[in-house]
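Chain by chain, the residues:
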Amino acid sequence: QVQLVESGGGLVQPGGSLRLSCAASGTIYSIYDMGWYRQAPGKQRDLVARIGKSGDTNYGESVKGRFTISRDNAKNMVYLEMNSLKPEDTAVYFCNAQIQRYRYVRFNDYWGQGTQVTVSS
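In what follows, the accompanying structure is described. (Residues numbered from 1 in each chain as written. Predicted model: local features only at pLDDT ≥ 70, side-chain atom pairs only at ≥ 80, totals over all residues. Heavy atoms only, no water.)

Re the overall build of the chain
Move 1: Broken down by element type, the chain carries zero helices and eleven strands.
Move 2: Helices (α) and strands (β) of the chain occur, in sequence order from the N terminus, as β-β-β-β-β-β-β-β-β-β-β.
Move 3: Taking 2.2 N^0.38 as the reference for a compact globule, 121 residues should give roughly 14 Å; the C-alpha atoms of the chain span a radius of gyration of 14 Å, in line with that estimate.
Move 4: Overall, the chain is about 50 × 25 × 25 Å in size when its C-alpha atoms are taken along their principal axes. (Helix = DSSP H or I, 4+ residues; strand = E, 2+ residues; numbered from the N terminus. Rg over C-alpha atoms; globule rule 2.2 N^0.38 Å.)

Here it is as structure tokens:
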């Protein structure tokens, strides 16, 4: 089995910062892309940021310049540093990873359970 567990969500005032973490555990041979998505009530799940195994990144337009994604390949972890938070950043944030469980098996997509981020005064 593979698990992705997020942490670090919470309530923050506008202009504040939060750092999300996601740990992948279980039977893992290799992890390719890792990323963060978010879903606000009544809206679709959207890309926040993704990072490749070599560190290449891409971001959703609304978070560019404010959020930074990083990863620690040795620990199978991905992080999201969120600065200058706005009320419109309020959503459930989900961790995603492309995980290859065994050497000769194709990777699959895995998702965490989500962590709530609320930006409000």
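Still more to cover.
A word on the pattern of salt bridges
Note that side chains of opposite charge can pair when their charged atoms are close.
Move 1: For the structure shown, the criterion picks out five salt bridges.
Move 2: The salt bridge partner of Glu 61 is Lys 64, with a shortest N-O separation of 2.7 Å.
Move 3: Judged by its relative accessible area of 63%, Glu 61 is exposed. (Salt bridge = Lys/Arg side-chain N within 4 Å of Asp/Glu carboxyl O. Buried < 20%, exposed > 50% of the residue type's maximum accessible area, 1.4 Å probe, protein only.)

Points about the state of the cysteines
Move 1: According to the stated counting rule, one finds one disulfide in the structure shown.
Move 2: Put simply, Cys 22 and Cys 95 are joined by a disulfide, and their sulfur atoms are 2.1 Å apart. Disulfide Cys 22-Cys 95: the torsion about the S-S bond is -80 degrees, which places it as left-handed. One end of the pair, Cys 22, is in strand β3 (residues 18-26); the other, Cys 95, is in strand β9 (residues 91-100), and 73 residues separate them in sequence.
Move 3: For Cys 22, a relative accessible area of 0% translates into the label buried. (Disulfide = S-S within 2.5 Å.)

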